Structures are given as C-alpha cells and as structure tokens.
Amino acid sequence: MSYTQYMESMKEYWNIDSAAIQVLQAIIHAKKPKNILEVGTSNGYSAIQMGNIASRYGGKITTIEFFEERFQLAKKNIAEEGLSETIEVLQGDAVEIMRDFSPSFDFIFLDANKEEYPLYFTQAMRLISHNGIIVADNTVSHAKKLIEFFQAVALEPRATTLDLSIGTGLVIITVD
Ligand SMILES: C[S@@+](CC[C@H](N)C(=O)[O-])C[C@H]1O[C@@H](n2cnc3c(N)ncnc32)[C@H](O)[C@@H]1O
C-alpha cells in the first residue's frame, strides 16, 4: 500500500492520529492496565496499537463496534497482527453493551459517536476501577459537539482532567 493509499484509509476509517496513539501507548506502557475497554473499533487500528503494548504484559482489550462490516474487518486485521488472544471485538451498540458490563476496567478509551459521549461517560464512570483512566478523543476537532460531555466531566467529583491539544484533541481523565 502506498503512503497516499494508507493516509486515505486512515481517513475512511476515522483512525486516531499517530501523536494521540503515542499518548495512549505511553499510558498503557506505564500503567499496565489489565482490562482495557475501547468504545469505537472501526477497522481495529487503535485497538491493535494499544494491543501491541498490552500483549507484552498480558493485558486484555475489549473493543466495541456498531457496524457489521467494520466489526468483521477489525477481527480480520487483529487476527493478522496475531492479537486475537489480546483483543476481543464485540459487535453492537456501545451504550447497551456497556450497560451489561460490571465494573472491571482500569483504562477506557472513548472514540465513537461524539453525540453519545455523555452516555459513554456515565457508563465509563460506573465501569472504571479505582485509580483508573478514561481517555476521550476529538476534544478539539469536535469541541462544539462535546459541550455536554465536558460539562459532565467537570461535574464529576472523582475526575481530574488533563486536556491535550495534540492531534484532534485528547482529554485524559484520571479517576479516584
Ligand atoms: C472514530 S471511529 C473509531 C476509530 C478507532 N478507534 C481507531 O482509531 O482506529 C468511530 C467508530 O465508532 C463506531 N460507532 C459509532 N457509534 C457507535 C456505537 N453507539 N456503538 C458502537 N460503535 C459505534 C463507528 O461505526 C466507527 O467505526
């Protein structure tokens, strides 16, 4: 695949940019979360990048994708990278799936429908473990759509936030 084709596929699947993925990888490398949840798989790019770090210490990733075609593509890409033991891909609506989970995640990455971030955040706060970390992408590129989400985060007494303006914008939320 040429560089141009590669960049086009990154846009088509709305993949996270390389600076932001480095931040996620650094947090995962330093903190070694056992159970990672990703909301918004797309073709599996970010799950694979996180999985490359998590697989070194036995961490597991659960990632959720709504669309069948992307779900299947992600499973294929993850298998080709040899990460099927590390990453489980679930198909369905993330809010519904999260509602069925019990608290057990120490790192949660939100990167699906921006209008649903407040719903994901409510569930993420229920699911995150003590001293866990929640990261949300697109906080600069989609700032107008995320006002309700920012308000919910600001009102959450267990949350401390760090806003990063790299890539499309990331917020790092550490949770007591
Ligand atoms: C920005 S892309 C994810 C990119 C991916 N994290 C990466 O960097 O490689 C967002 C994905 O979330 C999916 N999505 C949107 N709303 C969803 C929902 N409610 N439940 C599950 N997946 C959803 C979309 O189909 C899309 O593939």
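Cut-offs applied
Residues numbered from 1 in each chain as written. Predicted model: local features only at pLDDT ≥ 70, side-chain atom pairs only at ≥ 80, totals over all residues. Helix = DSSP H or I, 4+ residues; strand = E, 2+ residues; numbered from the N terminus. Rg over C-alpha atoms; globule rule 2.2 N^0.38 Å. Near = placed C-beta within 6 Å. Nonpolar A, V, L, I, M, F, W, Y, C, P; charged D, E, K, R; others polar. Core = buried A, V, L, I, M, F, W, Y, C linked by C-beta atoms within 7 Å. Buried ≥ 20, exposed ≤ 12 C-beta atoms within 10 Å, placed from the backbone. Contact = placed C-beta atoms within 7 Å. Axes fitted to C-alpha atoms, helices over the stretch in contact; angles between N-to-C directions. Parallel < 35°, antiparallel > 145°, perpendicular 65-115°, else oblique. Left-handed = near helix turned anticlockwise from the far one by under 90°.

A.B. asks: So, the overall build of the chain: which residues are in play, and what are the values?
C.D. replies: In terms of helices and strands, the chain carries seven helices and seven strands. When the helices and strands of the chain are listed from N to C terminus, the series reads α-α-β-α-β-α-β-α-β-α-β-α-β-β. Radius of gyration (C-alpha) of the chain: 15 Å, near the 16 Å computed for a compact globule of 176 residues. Overall, the chain is about 45 × 35 × 30 Å in size when its C-alpha atoms are taken along their principal axes.

A.B. asks: Tell me what's going on with the site of the ligand, and back it up with residues and numbers.
C.D. replies: Around the ligand, a shell composed of 19 residues is seen, among which Gly40, Tyr45, Ser46, Phe66 and Ala94 lie nearest. Grouping the amino acids of the shell around the ligand by side-chain chemistry returns nine nonpolar, five polar and five charged.

A.B. asks: How would you explain the nonpolar core if you had to name every residue and give the values?
C.D. replies: Val39, Met50, Ile108, Leu110, Tyr120, Ala124 and Ile134 are the most contacted members of the largest nonpolar core, which totals 44 residues. With six residues, the single largest contributor to this core is helix α6 (residues 117-127). The contacts of Ala124, once residues within four sequence positions are left out, are Ile108, Leu110 and Ile134.

A.B. asks: Describe the packing of helix α2 (residues 18-31) against helix α3 (residues 45-57), with residues and values.
C.D. replies: Viewed as axis vectors pointing N to C, α2 and α3 meet at an angle of 30°, and their least axial separation amounts to 9 Å. Viewed along their axes, α2 and α3 adopt a mutual orientation that is roughly parallel. Note that α2 runs across α3; the crossing there is right-handed. The segment α2 lies against α3, with Ile21, Leu24, Gln25, Ile28 and His29 engaging Ser46, Gln49, Met50, Ile53 and Ala54. For the contact of α2 with α3, the class distribution of residues is six nonpolar, four polar and no charged.

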